[in-house]
Amino acid sequence: NNVSSYLAQILFAIHPTHVEAVANAANRPHILGLLFNLAIVDPSCPLVGVAVCNMLALLTAETALFQLPAVVVTMAAIRYRQLYDERSKSEKVEPTTPANNEEN
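If you're wondering where the values come from, they're calculated on a predicted model, not measured in any experiment. (Residues numbered from 1 in each chain as written. Predicted model: local features only at pLDDT ≥ 70, side-chain atom pairs only at ≥ 80, totals over all residues. Heavy atoms only, no water.)

**Student:** Break down the overall build of the protein for me, with residues and values.
**Tutor:** For the protein, the helix and strand inventory stands at six helices and zero strands. Reading the protein from its N end, one meets helices and strands in the order α-α-α-α-α-α. With 104 residues in all, the protein has 12% of them scored as buried. Counted over contacts in the protein with a minimum sequence separation of 6, partners at least 24 positions apart contribute 61%. On the protein, roughly 8,600 Å² of surface is accessible, and the fraction owed to carbon and sulfur atoms is 66%. (Helix = DSSP H or I, 4+ residues; strand = E, 2+ residues; numbered from the N terminus. Buried < 20%, exposed > 50% of the residue type's maximum accessible area, 1.4 Å probe, protein only. Contact = heavy atoms within 4.5 Å. Areas by Shrake-Rupley, 256 points an atom, 1.4 Å probe, with all protein chains shown as cover.)

**Student:** Kindly report on the pattern of salt bridges, identifying the contributing residues and their values.
**Tutor:** A side chain with one charge can pair with a side chain of the opposite charge if their charged atoms come near. Counted under the stated rule, the structure contains one salt bridge. A salt bridge links Asp85 to Arg81, with the shortest nitrogen-to-oxygen separation between them at 3.6 Å. Linking Asp85 with Arg81, this pair stays in helix 5 (residues 64-91), spanning four residues, or about one helical turn. We classify Asp85 as partly exposed; its relative accessible area is 29%. (Salt bridge = Lys/Arg side-chain N within 4 Å of Asp/Glu carboxyl O.)

Fair warning: the whole summary comes from geometry, so function is off the table for now.
Now the structure itself:
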């Protein structure tokens, strides 16, 4: 009986299918959906690419639906930052100090 328990322990230790490997294989569609949603965030991605990546993300995992608000907020933040940088480069506003305001 002792030999069979040691044999079962050794077999479990060297067996290639552990719980972690099975769990990672089961989560593969969620990771794929996340990658498709991350491709949408790229500002240079055309509108057709956004639609295709969004459709593929939704087809791989239903959790992509819940990632979509985060993607939209991230896209808006990136675009806002780009517009802010473009505006600050074009205006080149001098910093205002109290001494400059008193002279006027």
